[in-house]
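Summary of the model geometry
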Amino acid sequence: MKYRKTTSTAQQHGQVMTPPALASVLIAQLSGEGKEWLELGVGTGRIADACIKLQTPATYIGVELDDRLIQACKVNDVFDIRQLDVLSPESLQASLGQKMFCRVTGNPPYGVAALSEQAETRFAALCPGLPSIKGWGQLDLYFVLESLARLRRPGEAAFIVGASIAEDAKLEPFRRHLIDAASEVECYELPIDAFDKNIEVQSYLLVARFSKSNICKVTVGRMRSGDFAITEQRPISSERAKIRLDLR
């Protein structure tokens, strides 16, 4: 996906809002009734809306930087939205403290962004071995890693991520980090028009579950347009998944 120069914070960060049908499918992957949820980059709150409708969480904390997106969120007694920059480790720590969550989720922004020295250090600490581009970081990967760092074990996570997280050889350290820690990982290729018939984005629905098991069961597959039903699915070895987390 190509992003033009723009004054919109959402567009600068490559942020595409989650279709309600996809938000519901994402939330349905997790079992979180009565649990504490976290979403970094909550956007207009579509995933939060689906969670509150389908899972009845005890609490749902959403973090968002763009004030215009926050204004579109349907805040209630369960949904607590905080205006923070996820790329500011100090701000996130000041707001969330040592709080851990039973479920983490989101459709984080894609693309790359300039990182402060503190954010760059945090990124490297969250997943050692990732290739470093001085002063820059991949947004969806940063958001996923920061979310997983706040996930209580046992716990569950589900994200919509860019294709590079599943496919790029340079991101093998992340896949290895995830699979070595998780007990179950599922990764489904989404249709290229998942977000809009006029917008082509290659993305995946990534699900990870963490329990006491030290053997990770990995499943990859593909979802179709419209209802996001799974049309193809198969298990792969954890070692194969560390190389590529897809059907290819």
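Residues numbered from 1 in each chain as written. Predicted model: local features only at pLDDT ≥ 70, side-chain atom pairs only at ≥ 80, totals over all residues. Heavy atoms only, no water.

Moving on to the overall build of the chain. Per the secondary structure count, the chain includes 10 helices and 11 strands. Taken against the 2.2 N^0.38 rule, which gives 18 Å for 248 residues, the C-alpha radius of gyration of the chain at 17 Å falls within 12% of a compact globule. Viewed in the frame of its principal axes, the chain has a C-alpha envelope of about 45 × 40 × 40 Å. For the chain, the exposed surface amounts to about 11,400 Å²; the carbon and sulfur share of it is 51%. Of the side-chain charges in the chain, 30 are positive and 30 negative, and the distance between the mean point of each set is 3 Å. (Helix = DSSP H or I, 4+ residues; strand = E, 2+ residues; numbered from the N terminus. Rg over C-alpha atoms; globule rule 2.2 N^0.38 Å. Areas by Shrake-Rupley, 256 points an atom, 1.4 Å probe, with all protein chains shown as cover. Lys, Arg positive; Asp, Glu negative; His and termini not counted. Charge placed at Lys NZ, Arg CZ, Asp CG, Glu CD.)

A word on the side chain of Arg150. With respect to the element layout, Arg150 can be found in the loop between helix 7 (139–148) and strand 7 (151–162). For Arg150, a relative accessible area of 6% gives the class buried. Ignoring anything within four residues of it in the chain, the contact list for Arg150 reads Leu38, Leu92, Gln93, Leu96, Gly97, Lys99, Met100, Phe101 and Val104. (Buried < 20%, exposed > 50% of the residue type's maximum accessible area, 1.4 Å probe, protein only. Contact = heavy atoms within 4.5 Å.)

Counting residues in hydrophobic clusters, the biggest one holds 50 residues, and the most contacted among them are Leu148, Phe174, Val185, Leu206 and Leu245. Per element, the largest residue contribution to this core is seven residues, and it comes from helix 7. With sequence-adjacent residues up to four places away left out, Val185 is seen in contact with Leu178, Ile179, Leu206, Val207, Ala208, Cys216, Lys217, Val218, Thr219 and Leu245. (Core = buried A, V, L, I, M, F, W, Y, C linked by side-chain atoms within 4.5 Å.)

Glancing now at helix 7. Residues separated by three or four positions in an α-helix point in the same direction, a consequence of the helix having 3.6 residues per turn. Of all 10 residues that make up helix 7, 10 are buried, and the element is covered over most of its length. Looking only at helix 7, the buried set comprises Leu139, Asp140, Leu141, Tyr142, Phe143, Val144, Leu145, Glu146, Ser147 and Leu148.

Let's shift gears to the confidence of the model for the chain. A residue-level look at the chain finds 94% of positions with pLDDT of 70 or above and a mean pLDDT of 91. Every residue in residues 1–13 is under pLDDT 50, and counting partners more than four places away or in other chains gives 21 contacts. (pLDDT = per-residue confidence, 0-100.)

Per the counting criterion, the structure on display carries three aromatic pairs. A ring pair is formed by Trp37 and Tyr60, whose centres lie 6.1 Å apart and whose planes are at 15°; its orientation type is stacked. Of this pair, Trp37 sits in strand 1 (residues 36–40) while Tyr60 sits in strand 2 (residues 59–64); the two residues are 23 residues apart in sequence, bridging distant segments of the chain. Measuring from centroid to centroid gives 5.7 Å for Tyr60 and Phe79, while their planes differ by 90°, and the two rings are edge-to-face. (Phe/Tyr/Trp six-rings, centres within 6.5 Å; stacked < 30°, edge-to-face > 60°.)

The strands making up a sheet are joined through hydrogen bonds of the backbone, oriented either antiparallel or parallel. Overall, mixed pairing links the nine strands, which are arranged 3-2-1-4-7-9-8-10-11 in an open sheet. In the strand order of this sheet, the two ends are held by strand 3 (79–83) and strand 11 (230–236), each with one partner. Taking each pair of neighbouring strands and ignoring which way they run, the sheet shows an average axis angle of 15°. Across the sheet, helix 2 (residues 20–28) lies against strand 1, strand 4 (101–106), strand 7, strand 9 (203–210) and strand 10 (217–223), angled at about 150° from strand 7, the strand it touches most. (Pairing = 2+ DSSP bridges. Axes fitted to C-alpha atoms, helices over the stretch in contact; angles between N-to-C directions.)

A word on the environment of Ser183. Position of Ser183 among the secondary structure elements: in the loop between helix 9 (172–181) and strand 8 (184–189). In this structure Ser183 comes out as buried when scored by relative accessible area, which is 13%. Between the C-alpha atoms of Ser183 and Leu65, which are 118 residues apart in sequence, the distance is 33 Å.

Take the pattern of salt bridges next. On inspection of all chains with the given rule, the structure shows 20 salt bridges. Note that Lys242 is salt-bridged to Asp180, the shortest N-O span being 2.8 Å. Of this pair, Lys242 sits in helix 10 (residues 238–243) while Asp180 is found in helix 9, placing the two residues 62 residues apart along the sequence. Of the charged contacts, one joins Glu232 and Arg222 as a salt bridge, the two residues approaching to 2.7 Å between their closest N and O atoms. Residue Glu232 is located in strand 11, and its partner Arg222 is located in strand 10; the two are separated by 10 residues in the primary sequence. Given a relative accessible area of 26%, Arg222 falls into the partly exposed group. What emerges from the salt-bridge pattern is a single network uniting Glu167, Glu189, Arg222, Glu232, Arg240, Arg244, Asp246 and Arg248. (Salt bridge = Lys/Arg side-chain N within 4 Å of Asp/Glu carboxyl O.)

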